[in-house]
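Overview (structure and organization)
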Amino acid sequence: MKSSTHTLRSFTRVATITLGAVSYVLLPMQAVADASPAVARPSAPDAGGDHAGHDHAALPAATAPQAAGAANEVTLYTCPMHPQIVEDHPGQCPICGMDLVPKLFPSGTRLTAGADAGRVVTAAGSPPPVVAPTAPVLPSVAVAPQTLKWMNVVLAKASWRRLDQTIRTVGLVSLDENRVVHVHPRGSGWVESLAVRAVGDPVKRGQVLLSYYSPELVAAQKDFVVAQNSGMTALKESSRERLRLLDFSDAQIERLAKTGQVQRTVPIVAPQDGYISALTLRDGMYIQPSMDLFTIADDRRIWVQVQVLVQDMSRVAVGQSAEMTIDGLPGKTWRGRVDFIYPALDPVTRTLQVRLVFDNPEGLLKPNQFANITLNQPTAGEVLTVPTTAIIPAPDGARVVRRNPDGSLQPVWVKTGVSAGGYTEILSGLKPDEAVVASGQFLIDSESNLLASFDRMTGTAHPSGEHAQHGQ
C-alpha cells in the first residue's frame, strides 16, 4: 500500500482519520517541530481486515518556550479565536476561555497576556531586538455593499472636535446656610404683641416682628436718662453702650436722650429680607435670651448637595460650572458653580460630597427638591474622536473596524482617551478622516478573528508584521 505524508501544524490533539484503506495519525504541532517530519503516518490493515496498532510518535509535553525549527523562531501559545493573545505557557484564553495552542513565532515576539505580558521572548543565542510593543494584525474582510446595507453598517469619519467632559448626577436643593439668621431676645420678658404669626410669611429688613415687655430693658433706659442728666461723661457713655448691647438702635437711643421717655415695650426687628422658616412663640409667652424666636431664610440664592462617584472625583474642582434642571419646572435651566468640596467621602455610599450654589431670584427653587445636575469640564482644545459606539473594548486594549482605501474592513488597535457626548478621544491608531464602522462592527470583527484562526492553522499568520501598535 502506498503511503502519503501531510504536514498539519495547528492540531493540538492526536487524532486518527481513515481515508479509504489508509489510516492517518495526526500529531500536535509540538511533535511536528521536535520529533518527526512525517506528521500523518499511514498504517495498512492486516489480512483479517482488522486495523493494526498505530505506531505513535512520542509526544513531548508542552513546557516553557523553546527554540523550534529555525534559530530565529520560538514556540509560544495563542488563542485560535483571538490571535492577539500570546503567552509563553499553555493555558486558557482570558477572553473566550479556549485552550491556547502552540505556534512558531519569530524571535523577539512580545507576550501580550499572562503574568509576563510585555516581555520579549527570543530564541536561544539571539539578542533581544529593540522593538516597540505590537499586537497581531488582524485580516481585512471584504463585504459587498449590498451586504453592508443589509447588516445596517454605519460608517463615521475620525474627526476633530472638543470633548467637554460632563458628570451627570442628582442633587437635593437646600437653603444657603450663610443666608439663614436666628432671632433671639437680648433680655427676658413677656410678648406683648406678635406682628408675624406664621411660617412662610415674607419679611423685610427692619420690619417689626414682635414687641415685648422686659423689666431689664426698662431699668436700662431709666439708668440712661439719669446718666444724661448727671453730667458725668463716663457714666453717659457706659449707659449708652449698655443699651446698644441690649439691641437698642442708635435712633432709639437718640430719641430717648431727647425725650427722656422710657419705652415700656421694646420691638424686635428683622435683621434681613427673607421669609419665616421657623417660629416658636405666641402672644403672652415668656421669652429669654436662650430662646430661638424666629428663623429667617433668604432663598434668593440656594445650595444643592450632590454626590459624585469616586472615579469622577478628579474631574471636579471649586468654581467649575454646573447646570441644573427640575422635573417639576420643565423648560427651565439654572446655571451655577461648584462652591465647596467636602474633605471626606460619605461613609455609607462612599461617594464624594459636593456643594453647588445657584441664584434663585424668582424663588422658584424650593428646599428639599430633587434636581438633575450636570457638571461641565471643558477641554483645552480639539482632539481626534470617533463615535463611542465604534469602540470594541477588550481586556488587552481597544479596537475599531477601519475601512481601507480598497473598501475592505479591518479591525485595528487604537489607544483611547476620554469620552464625552457620545464620542471617544483617539490618542493613536487612526488618522483624521479615516472611516470606521460605528454600528455593526462586531460581526466584522468576529469574521476577522475567524480568518486569523484559519491563518494560524495553515501557518500563514504574521502576528508581528506591519500594523498599528497595540494600545497605541
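The coordinates are above.
This write-up is about the structure you can find in this document. (Residues numbered from 1 in each chain as written. Predicted model: local features only at pLDDT ≥ 70, side-chain atom pairs only at ≥ 80, totals over all residues. Heavy atoms only, no water.)

**Things to note about helix α4 (residues 233-245)**
- Between its terminal C-alpha atoms α4 stretches 19 Å, which fits the 18 Å expected from 13 residues at 1.5 Å a residue.
- Taken residue by residue, α4 has Ser-239, Arg-240 and Leu-243 as its buried positions. For α4, the angular spread of the buried residues around the axis is 100°, confining them to a single face. Within α4, the exposed residues directed more than 90 degrees away from the buried face are Ala-234 and Leu-245.
- Among the structural elements, α3 (215-230) and α5 (250-259) are those in contact with the buried residues of α4.
- Once α4 ends, the next one or two residues include Asp-247, with phi positive near 75°. (Helix = DSSP H or I, 4+ residues; strand = E, 2+ residues; numbered from the N terminus. Expected span 1.5 Å × (residues − 1). Buried < 20%, exposed > 50% of the residue type's maximum accessible area, 1.4 Å probe, protein only. Arc of directions from axis to C-beta. Contact = heavy atoms within 4.5 Å.)

**Looking at the environment of Val-181**
- Within the secondary structure layout, Val-181 lies in strand β12 (residues 180-183).
- Beyond its immediate chain neighbours, meaning those up to four positions away, Val-181 contacts Pro-271, Gln-272, Phe-294, Thr-295 and Ile-296.

**Quick notes on the side chain of Glu-87**
- Tracing the backbone through its elements, the reader meets Glu-87 in strand β5 (residues 86-87).
- Salt bridges are absent for the buried Glu-87, whose nearest opposite-charge side chain, Arg-119, sits at 9.6 Å.
- Looking at Glu-87, its side chain comes within polar contact range of the side chain of His-89, at 3.2 Å.
- When near neighbours in sequence (up to four residues on either side) are disregarded, Glu-87 contacts Leu-76, Tyr-77, Gln-92, Pro-94, Leu-100, Leu-111, Ala-113 and Gly-114. (Lys, Arg positive; Asp, Glu negative; His and termini not counted. Salt bridge = Lys/Arg side-chain N within 4 Å of Asp/Glu carboxyl O. Polar contact = N/O pair within 3.5 Å; in protein donor to acceptor, adjacent residues only side chain to side chain.)

**Observations regarding unusual backbone geometry**
- Phi at Asp-247 takes a positive value of approximately 75°, unusual for a residue other than glycine.
- Structurally, the position occupied by Asp-247 is in the loop between α4 and α5.
- Under the relative-accessibility criterion, Asp-247 is labelled partly exposed at 43%.
- One non-glycine residue, Asp-433, adopts positive backbone phi at about 75°.
- Mapped onto the fold, Asp-433 is located in the loop between β29 (423-428) and β30 (435-439).

**With respect to the sheet that holds β5**
- With antiparallel pairing, three strands are arranged side by side in an open sheet as β5-β4-β6. Each edge of the open sheet carries a strand with a single partner, namely β5 and β6 (101-106).
- Relative to β6, strand β4 (residues 73-78) runs antiparallel, the two being bridged by six bridges. Its bridge partner being in β6, Thr-78 is matched across the sheet by Val-101. (Pairing = 2+ DSSP bridges.)

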